[in-house]
Amino acid sequence: MHSLNYKKRFDPLLIILPLLIFFIGLVFLYSASSGIKTIKGIDYTLRQLIWLTIGLAVVLIVVNIDFRRLVDLSYIFYALVTIALFIVLMTGGSRMGAKRWLDIGGFTFQPSEFAKLALILGLSFYLGNNRYSIRGFRTFFGAAFITLFLFILIFKEPDLGSALALFPILFAVLAAAAVPFKYIFGSVFLGLAASPLFWNIMKDYQKRRLLVFLNPNMDPLGAGYTVIQSKIAIGSGGLLGKGWMGGTQSQLNFLPERHTDFIFSVVGEEWGFLGCLLVILLYTLLLLRILAVAEKTNDVYGKLIVAGVAGMLAFQMIVNIAMTAGFMPVVGLPLPFISYGGSSLIMSMAAIALVINVDMRKTVF
Amino acid sequence: MKITFLKRTVLLFVCMLIACLFYLQIVQGEYYLKMSQKNRIRVIPLRAPRGNIYDRHMELLAGNRLAFDCAVIPQEFDDSIEVLNKVALMLDMPGGSLKSKIEENALAPFAPTTLKRDLDKELAISISERSLDFPGLLIQTYPVRYYPHGSSSSHITGYIGLINEEELSILKRYGYMIKDYVGRTGLELFYDDYLKGESGGMQVEVDSRGRELEVMGIREPSKGMDITTTLDIRLQEYIDSLLGSHKGAAIVMLSQSGDILAMSSKPDYDPNAFLSPAKFGEVKKLLTGRDCPLINRAISASYPPGSVFKIVTATAALELGRITEDELLDCGGYYVVGNRRFHCWKKSGHGLQTIREGIKNSCNVFFWQTGLKAGVDAISDFGARYGLGRKSSVDLPYETEGVLPGRGWKRRTKGESWYPGDTMNLSIGQGYLLLTPMQVTCMYNALATEGKVFTPHIARSIGGVDVFPQQTDMLKISARTFRAIKDGTKRAVQDAGGTSSKADAEGLDIAGKTGTAETGTDRTHAWFAGYSPADDPLVTVTVFLEYGGKGGGLPCEIASKIFIKLEELGYL
């Protein structure tokens, strides 16, 4: 075990804020899952706590490994994730008509979550190595390729949400690396222009999700049902909400998935606009602190890693809340630290661990 | 600095998010609050009508009628004792039972909970008229399956039942919902995904009295696809009446296409019984009946074929040159193997016969000799070519393959080697051999058409798209062999003394073969398989009677009447 002296102090908010958000989330998780008939509320809450302890263990491990070493090993992670994704494509357990999970000894495990981390490390490695040719098109292209490769694997599962989440990571890392904007915006433009092509590749239920987003009333019994009910839940919370465990929509089983992807609807219904504001502000503060680390550090790789983490967490948070409130199509993206689910929680904690890692080692060389 | 750019982007999106939430919760808060209150929303599934099934002349075999259920929306319904009693009185149900019914049948919040199913139209209308007095009480209309021809089409159409939990967990992703119906047997099962259509639903905003204010969202159901079959229901019903109370099966197939004109299996059942809650007692009887009325004996049961199998023995021997078509073999009434005598069915023997007479007389001694000359491997091989031991792939579920024995088969399943005695049994269609009436039909069809193999089928168009019959194979058996055997079958029917002579009918050119299969009890299974016209066949007919006595008796008589009817209906 290395314990080199340049370990300095790190910004404590980087760990306080996620834990704060987690425990607030736990409160809502209890409320959300107590209405589920088959499993008592305590079960989900307890499990989430177990995941947290595992997550904290992961954090401890990760912060003790110099992040630069992790960056050096990034291609191994990338390869492992690719293999895992291939396995999921071949065999994956299917729930809700999508292959996202692998079953390992009774635990379900989502490789697409870990793909995000692998991408962050991989992009940092690649762009860091090419920092002297950062203005070149080839560098941009390489980064895009690394991303697209994972994107296609995840997209084919099909898991649109996780696949799309790769792009804000790419965007944030490219921006932090000072890749010329014209490349970035050029490709966004291309992406939009190519979207009719995407339409054809999309599966039926994904197309339907997009259409339902444009008009949720179109599918009142399926995807549209969840969104309509979620909007009602959040909207009816008004300014102050209905109080903990007082959410009629959530308590009376109107909302499937309320303990996972749609948990923000419980926040909206029970704590109202002020509650939502609180949660969003906590997240925003966390994001700003993360980006502050990127500003402070001199290490190129560290900067890119932190930017990638910020992009990932920001995207998930914003998209999840927007989706719950009916402003965006339904994509399967959990709310970091709050939604129930081991993979998401551990991955988010690992991401935070990376940021802390960078913050601890921002020496001047 | 690029990081500043990122910070600003994040803040921008966060502000947009907060603004949207503000709009949703503050500006529209009142509206959504009303929405979330209990008596505001109903979620009503709109069931899709199942596709219809027709016979070849567009006679309805399976269709939908409108049924009326009485249901309540629990959140709107006043469940005080007096109201419950009044409602129970209207519905003619015991007063105390309603409350528990509401709890049992609860589906989802704001979804209707069924109280009583399939009401009389009059009662349904009168309840509807009084609905303002009973907020939350409503009449639901939806399509219910019915089978106008009841038992005669039962094995073809099959029946449907409610989806169960296990099936739902697998089928949910294909659009099946709870309380959907799925086919359980017959065409209803085989083509379920075409027939079932797509359910829709609507979310409606209602006032405190339950009157619909606004349809918040609707997805129209889409009807399932209709299926037109190759069946002729007039022929089918006629054959059913001929079979009467006998157990067995009869199949009529168009020789040049594989179209199934009729497929009867007795005993049969009324598929409507599965859909009417009043008839559940009958259903229980059907499910536990000892004579297995739910089994389609034409395809799901296999039996020893007896002499109808002899054409395979003949084919094997002729094709391999072990006998020639004019070669004479003697039948003295018995055949000696080792120190045992095996008797022919005619004690006095048939004398010298060629293959044609052997078939005409269905002489066992002839075929024992022929079979031993051909050998088990050849007989097995040609049996397989005729499609035996395999499913015919007709478009119905639960088809069985029967058993086509052979050397390897016996070693694998019984761990013993094959004896000459087994060959003798096999040659005359006994022993381990088991065939379905469908396989027998296909076999005789291949013979009749001199080698054309068709996949038998019942659906001829689905959702307006025609399903074209295709000849799937041409048997590599010489025309000479076929003609020799066909000649034998022609003589069996049309010559004096032929075993199938009762199958003959005036003015028609019929050929065929009988079978009387030993079963190990003192009763035999009775078969007839034949076709007409003999040289250029249009129809192939098989009649099988479980424990029906002699093949030359009832099956032939029934077949004869079937051929006459076929001529009457214009198929001959």
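Each remark here, short or long, concerns the structure printed above.
Residues numbered from 1 in each chain as written. Chains lettered and ligands numbered in written order. Predicted model: local features only at pLDDT ≥ 70, side-chain atom pairs only at ≥ 80, totals over all residues.

*Asks:* Residue-level account of the overall build of chain A, with values.
*Replies:* Counting its secondary structure elements, chain A contains 15 helices and three strands. The contacts of chain A with a sequence gap of at least 6 include a subset with a gap of at least 24, amounting to 72%. (Helix = DSSP H or I, 4+ residues; strand = E, 2+ residues; numbered from the N terminus. Contact = placed C-beta atoms within 7 Å.)

*Asks:* Could you give me a rundown of the overall build of chain B, with the residues and numbers involved?
*Replies:* The number of helices and strands found in chain B is 20 helices and 23 strands. Residues classed as buried in chain B amount to 48% of the 572 residues present. Counting contacts in chain B only where the partners sit at least 6 residues apart, residues at least 24 apart contribute 71% of the total. (Buried ≥ 20, exposed ≤ 12 C-beta atoms within 10 Å, placed from the backbone.)

*Asks:* Run through the interface of chain A and chain B, naming residues and quoting values.
*Replies:* On the chain B side, the residues contacting the 46 residues of chain A number 33 residues. Counting residues per element, the ones that place at least two in the side of chain A that touches chain B are helix H7 (160–176), helix H11 (223–236), helix H12 (248–251), helix H13 (264–296) and helix H14 (300–324) of chain A. Tallying contributions element by element places H13(A) first for the side of chain A that touches chain B, with twelve residues. Partitioning the side of chain A that touches chain B into residue classes produces 30 nonpolar, 13 polar and three charged. (Nonpolar A, V, L, I, M, F, W, Y, C, P; charged D, E, K, R; others polar.)

*Asks:* Just give me the short version of the sheet that holds strand E22 (residues 524–532) of chain B, but keep the residues and values in it.
*Replies:* Residues and elements named next belong to chain B. One open sheet accounts for five strands, arranged E12-E11-E23-E22-E21; its pairing is antiparallel. One side of each edge strand has no neighbouring strand; the edge strands of this open sheet are strand E12 (260–266) and strand E21 (511–518). Each strand of the sheet is rotated relative to its neighbour by a mean of 5 degrees, with strand direction disregarded. Of the pairings in the sheet, the one linking strand E11 (residues 248–254) to strand E23 (residues 539–545) comprises seven bridges and is antiparallel in character. Across the sheet, Met253 pairs through a bridge with Thr540, a residue of E23. (Pairing = 2+ DSSP bridges. Axes fitted to C-alpha atoms, helices over the stretch in contact; angles between N-to-C directions.)

*Asks:* Can you lay out the nonpolar core for me, pointing to particular residues and giving the numbers?
*Replies:* One broad trend across soluble globular proteins is that nonpolar side chains are buried collectively. One finds Val173(A), Val309(A), Ala310(A) and Val355(A) to be the most contacted residues of the largest nonpolar core, which totals 119 residues. In terms of residue count, the dominant contributor to this core is H14(A) (16 residues). With residues near it in sequence (within four places) discarded, Val173(A) still touches Leu123(A), Ser124(A), Leu127(A), Leu304(A), Ala307(A), Gly308(A) and Gly311(A). With 94 residues, the next largest nonpolar core counts Tyr191(B), Trp418(B), Met438(B) and Ala529(B) among its residues. (Core = buried A, V, L, I, M, F, W, Y, C linked by C-beta atoms within 7 Å.)

*Asks:* Go over the pairing of strand E15 (residues 340–343) of chain B, please, and point to the residues and values.
*Replies:* Bridging between strand E14 (residues 334–337) of chain B and E15(B) involves four bridges; their strand directions are antiparallel. Of the residues in E15(B), the one forming a bridge with Tyr334(B) is His343(B).

*Asks:* Could you give an account of helix H15 (residues 376–385) of chain B, naming the residues involved and the relevant values?
*Replies:* Residues and elements named next belong to chain B. All of the buried residues along H15 are Val376, Ile379, Ser380, Phe382, Gly383 and Arg385. Considering only its buried residues, H15 is in contact with helix H12 (310–319), helix H14 (364–374), helix H16 (407–414) and helix H17 (420–427). Two residues or fewer after H15 comes Gly387, characterised by a positive phi angle close to 95 degrees.

*Asks:* Tell me about the environment of Tyr174(B), and please be specific about residues and values.
*Replies:* Mapped onto the elements, Tyr174(B) comes out in the loop between helix H7 (165–171) and strand E7 (181–183). Along the sequence, Tyr174(B) and Glu198(B) sit 24 residues apart, while their C-alpha atoms lie 9.7 Å from each other.

*Asks:* Can you lay out helix H2 (residues 29–36) of chain B for me, pointing to particular residues and giving the numbers?
*Replies:* The set of residues buried in H2(B) consists of Gly29(B), Tyr32(B), Met35(B) and Ser36(B). Down the axis of H2(B), the sector holding all buried residues measures 120 degrees, keeping them to one side. (Arc of directions from axis to C-beta.)

*Asks:* Describe the packing of H13(A) against helix H1 (residues 2–27) of chain B, naming the residues involved and giving the relevant values.
*Replies:* Close contact between H13(A) and H1(B) brings their axes to 10 Å; oriented N to C, the two are set at 180 degrees. Looking at the two axes, H13(A) sits roughly antiparallel to H1(B). Every residue of H1(B) that contacts H13(A) at Gly268(A), Gly272(A), Phe273(A), Cys276(A), Leu277(A), Ile280(A), Thr284(A), Leu287(A), Leu288(A), Leu291(A), Ala294(A) and Glu295(A) is listed here: Ile3(B), Leu6(B), Lys7(B), Val10(B), Val14(B), Leu17(B), Ile18(B), Leu21(B), Phe22(B), Gln25(B) and Ile26(B). Grouping the constituent residues of the contact of H13(A) with H1(B) by class yields 17 nonpolar, four polar and two charged. (Parallel < 35°, antiparallel > 145°, perpendicular 65-115°, else oblique.)

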